[in-house]
Amino acid sequence: MGVRSVFAAISTNDNGEKVLDYVTVQWASYIPRTLAYGFNRLDDEGKNSLIDVFVRGCQQFDHMSCIERYVVYGWCWKYVHIMDGFSVKIGKNKGRDVIVGVDSGIRDDTPPQQHKVDSLDAAKEFIADRGHNQDGVSALYDPEKQTFHFISNDTCHLYKAIYNEDSKVLMRVPKGEWVSYSVEELARLGEDFDMSDD
């Protein structure tokens, strides 16, 4: 069971080659909205810290539950296990810290999951073909353009400002299609998300 996907980030190794670090994810339907919400509430340094959490999560874990927004000691806090050093504070809710962090990262005693790529298109193709790219939303970070790319293999994901049928759709990830947002575009979209339900 889950909403499965792949998160990945392009980097350059010590030999100057482009590589794709990737991690399989169990619950990954809300990553575009989570990033947008976080980027909107952070200054430039904070945005870089949130990107760093995403990238290091891809580099240091083989599998994770998700990267998500949590109210510390909120209603679901007892169900998550935020990895040490893999979270960013993005604000407060009713006096409690709100964070975005890596939940339940797992690392086997094997080399990192890494794949050589020669282009952004090659990275996208690799992710789209992974068996774990299923009904969740897969995410790819391209540092050269500070852009996130999203895809889902099973269904269209819609992201609304608030949770009701009449809400305006702010973002969508159609089934089988890549959509791209720069960090700044995500930050602007994040202004309209109401995630104060904790």
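Residues numbered from 1 in each chain as written. Predicted model: local features only at pLDDT ≥ 70, side-chain atom pairs only at ≥ 80, totals over all residues. Heavy atoms only, no water.

### Here we look at the sheet that holds strand β5 (residues 82-93)
Filter applied, for reference: Strands were regarded as paired on the criterion that DSSP finds at least two bridges between them. A run of H or I in DSSP becomes a helix once it reaches four residues, and a run of E becomes a strand once it reaches two; helices and strands are each numbered from the N terminus. Only the stretch in contact is used when fitting a helix axis, every axis being a line fitted to C-alpha atoms; angles between N-to-C directions are given from 0 to 180 degrees. Contact between two residues is taken to exist if any of their heavy atoms lie within 4.5 Å; hydrogens are not considered.
Ordered in space as β4-β6-β5, the three strands form an open sheet in which the pairing is antiparallel. In this open sheet, the two edge strands, each paired with only one partner strand, are β4 (66-71) and β5. Each neighbouring strand pair of the sheet contributes to a mean axis angle of 25°, computed without reference to strand direction. Sheet topology places β4 next to strand β6 (residues 96-103); six bridges connect them, and they run antiparallel. Looking across to β6, one finds that R69 is bridged to V100. The sheet strands contacting helix α1 (residues 31-40) are β4, β5 and β6, and the helix crosses β4 at an angle near 50°. The sheet contacts of helix α2 (residues 44-60) involve β4, β5 and β6, and relative to β5 the element is tilted by about 150°.

### Section: a negative patch on the surface
Under the convention used in this document: Without a salt bridge and with relative accessible area above 30%, a residue can belong to a patch; like charges are then joined within 9 Å and nonpolar side chains (Val, Leu, Ile, Met, Phe, Trp, Tyr) within 5 Å. Per-residue and other accessible areas follow the Shrake-Rupley method at a 1.4 Å probe size, with only the shown protein chains counted as cover for residues. Should a side-chain nitrogen of Lys or Arg be within 4 Å of a carboxyl oxygen of Asp or Glu, the pair is scored as a salt bridge. Charge assignment in this entry is limited to Lys and Arg as positive and Asp and Glu as negative, and neither His nor the chain termini are counted. Think of each charge as sitting on NZ of Lys, CZ of Arg, CG of Asp or CD of Glu. Throughout this description, buried means an accessible area under 20% of the type-specific maximum (1.4 Å probe, protein chains only), exposed means over 50%, and partly exposed covers the range between.
Residues D43, D44, E45 and E184 make up a contiguous surface patch of negative charge. Relative to the assigned elements, E45 resides in helix α2. By relative accessible area, which is 62% here, E45 ends up exposed.

### Structural notes on the environment of V179
When you line up the elements, V179 lands in strand β12 (residues 179-182). V179 gets classed as buried once you look at its relative accessible area, which sits at 16%. On a C-alpha basis, the gap between V179 and H149 in space is 5.6 Å, while along the polypeptide they are 30 residues apart. Those residues within four positions of V179 in sequence are excluded, and the remaining contacts are F148, H149, F150, R172, V173 and P174.

### Quick look at the pattern of salt bridges
As enumerated under the stated definition, the model contains six salt bridges in all. For the salt bridge of R107 with D62, the shortest nitrogen-to-oxygen distance reads 3.9 Å. Taken together, the residues span a long stretch of sequence, with R107 in the loop between β6 and β7 (114-116) and D62 in the loop between α2 and β3 (63-64) at a distance of 45 residues. R107 sits in the partly exposed class, given a relative accessible area of 35%.

### Details of α1
The element α1 is largely enclosed, with a buried count of nine among its 10 residues. For α1, the set of buried residues is I31, P32, R33, T34, L35, A36, Y37, G38 and F39.

### With respect to α2
Heads up, the condition is: Helix span is expected to be 1.5 Å times the residue number reduced by one. Pairing of N or O atoms within 3.5 Å defines a polar contact, subject to two protein rules: one partner must be a possible hydrogen donor and the other a possible acceptor, and residues neighboring in sequence count only if both atoms are side-chain atoms.
The end-to-end C-alpha separation of α2 is 24 Å, in line with the 24 Å expected for 17 residues at 1.5 Å each. Here α2 has its buried residues at G46, K47, L50, I51, V53, F54, V55, G57 and C58. Capping of α2 at its N-terminal end is provided by D43; its side-chain oxygen lies 3.3 Å from the backbone amide nitrogen of E45.

### Structural notes on the side chain of S5
On the secondary structure map, S5 appears in strand β1 (residues 5-12). Not counting residues up to four positions away in its chain, the partners in contact with S5 are V23, T24, V25, A28, H132, N133, G136, V137 and S138.

### Quick notes on the nonpolar core
The following threshold applies: Each nonpolar core is a collection of buried residues, namely Ala, Val, Leu, Ile, Met, Phe, Trp, Tyr and Cys, held together in the definition by side-chain atoms within 4.5 Å.
Core analysis: the largest hydrophobic core is formed by 52 residues, its most contacted members being F7, F39, F148, F150, M171 and L186. Counting residues per element, this core draws most heavily on α2, which supplies six residues. What F150 contacts, discounting residues up to four positions off in sequence, is I31, P32, L35, V137, S138, A139, V173, E177, W178, V179, Y181 and L186. In terms of nonpolar packing, the next biggest core, distinct from the first, is built from 10 residues, A8, L20, V117 and I127 among them.

### What about the packing of α2 against helix α4 (residues 183-190)?
Rules: Here the angle decides the label: under 35 degrees means roughly parallel, over 145 means roughly antiparallel, 65 to 115 means roughly perpendicular, and every other value means oblique. When residues are grouped by polarity, Ala, Val, Leu, Ile, Met, Phe, Trp, Tyr, Cys and Pro land in nonpolar, Asp, Glu, Lys and Arg in charged, and all others, Gly among them, in polar.
One way to put it is that α2 packs onto α4 with a least axis distance of 12 Å and a crossing angle of 105°. When the axis of α2 is compared with that of α4, the two are roughly perpendicular. From α2, D44, K47 and I51 reach across to α4, where they touch V183, E184 and A187. Taken together, the residues of the contact of α2 with α4 sort by class into three nonpolar, no polar and three charged.

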